[in-house]
Amino acid sequence: MTNRAKTDQSAAPHQGGVALLPVEAGGVEMVAKFFRALGDPARLRLLEFLLDDEHTVTECVEHIGLSQGRVSTHLGCLSDCGYVSVRRAGRFAYYRVADPRVADLVVLARSLAADNAAALAACMRIPSADPTG
């Protein structure tokens, strides 16, 4: 966590007095939207694939096994939300993770999910994602 996040007075107080979420209009909604962009298994698999190197759409298609159209849609979402950046070279587009903190987020999410696997499996309030991506 950055010092700015720890001392940001525009954030809601958290147990222990550390401010984590913004209180201004739309702030919490923006954080929720940030997580919704990560709420799709295909997008998470794409992010994980792009953590170490940039890849073309074709390489992404081969890696996650979805159609080119679906992969392009997911990459477009990740790009629009700022998770990945694109570099164009001729007729190819190369995608890569735009911010190295995304790797930290993916690792932390995987660890938290593993620690809470039984509870997540039993959770009926949040439906499982569509496995077809």
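Residues numbered from 1 in each chain as written. Predicted model: local features only at pLDDT ≥ 70, side-chain atom pairs only at ≥ 80, totals over all residues. Heavy atoms only, no water.

Participant: Is there a simple way to explain the sheet that holds strand β3 (residues 55–56) in this structure?
Facilitator: Within a sheet, neighbouring strands are paired by backbone hydrogen bonds and run either parallel or antiparallel to one another. Read from one edge of the open sheet, 3 strands run β3-β5-β4, paired in antiparallel fashion. Unpaired on one side and paired on the other, β3 and β4 (84–89) mark the two borders of the sheet. Sheet analysis places β4 next to strand β5 (residues 92–97), joined by 6 bridges and oriented antiparallel. Paired with Arg87 across the bridge in β5 is Tyr94. Of the strands in this sheet, β3, β4 and β5 touch helix α3 (residues 41–50), which is tilted by about 90° from β5. (Pairing = 2+ DSSP bridges. Helix = DSSP H or I, 4+ residues; strand = E, 2+ residues; numbered from the N terminus. Contact = heavy atoms within 4.5 Å. Axes fitted to C-alpha atoms, helices over the stretch in contact; angles between N-to-C directions.)

Participant: Sorry if this is basic, but what is going on with a negative patch on the surface here?
Facilitator: Taken together, the side chains of Asp52, Asp53, Glu59 and Glu62 make up a negatively charged region of the molecular surface. Within the fold, Glu59 resides in helix α4 (residues 57–64). (Patch = residues over 30% accessible without salt bridge, like charges linked within 9 Å, V, L, I, M, F, W, Y side chains within 5 Å. Areas by Shrake-Rupley, 256 points an atom, 1.4 Å probe, with all protein chains shown as cover. Salt bridge = Lys/Arg side-chain N within 4 Å of Asp/Glu carboxyl O. Lys, Arg positive; Asp, Glu negative; His and termini not counted. Charge placed at Lys NZ, Arg CZ, Asp CG, Glu CD.)

Participant: In this structure, what is going on with the side chain of Thr56? I would like to understand it.
Facilitator: Assignment of secondary structure puts Thr56 in strand β3. Discounting residues that sit within four places of it in the chain, Thr56 has contacts with Phe92, Ala93 and Tyr94.

Participant: Looking at this structure, how should I read the pattern of salt bridges?
Facilitator: Opposite charge on two side chains allows them to pair when their charged atoms are near. Applying the stated criterion to the full structure yields 4 salt bridges. For the salt bridge of Arg110 with Glu48, the shortest nitrogen-to-oxygen distance reads 2.5 Å. Of this pair, Arg110 sits in helix α6 (residues 101–115) while Glu48 sits in helix α3, placing them 62 residues apart in sequence. Under the relative-accessibility criterion, Arg110 is labelled exposed at 53%. Exposure remark for Glu48: the relative accessible area of 32% places this residue in the partly exposed category. Notably, a salt bridge pairs Arg87 with Glu54, separated by 2.4 Å at the nearest N-O pair. Note that Arg87 is positioned in strand β4 and Glu54 in the loop between α3 and β3, a separation of 33 residues in sequence. Here the salt bridges share partners, and the residues they tie into one network are Glu54, Arg87 and Arg96. (Buried < 20%, exposed > 50% of the residue type's maximum accessible area, 1.4 Å probe, protein only.)

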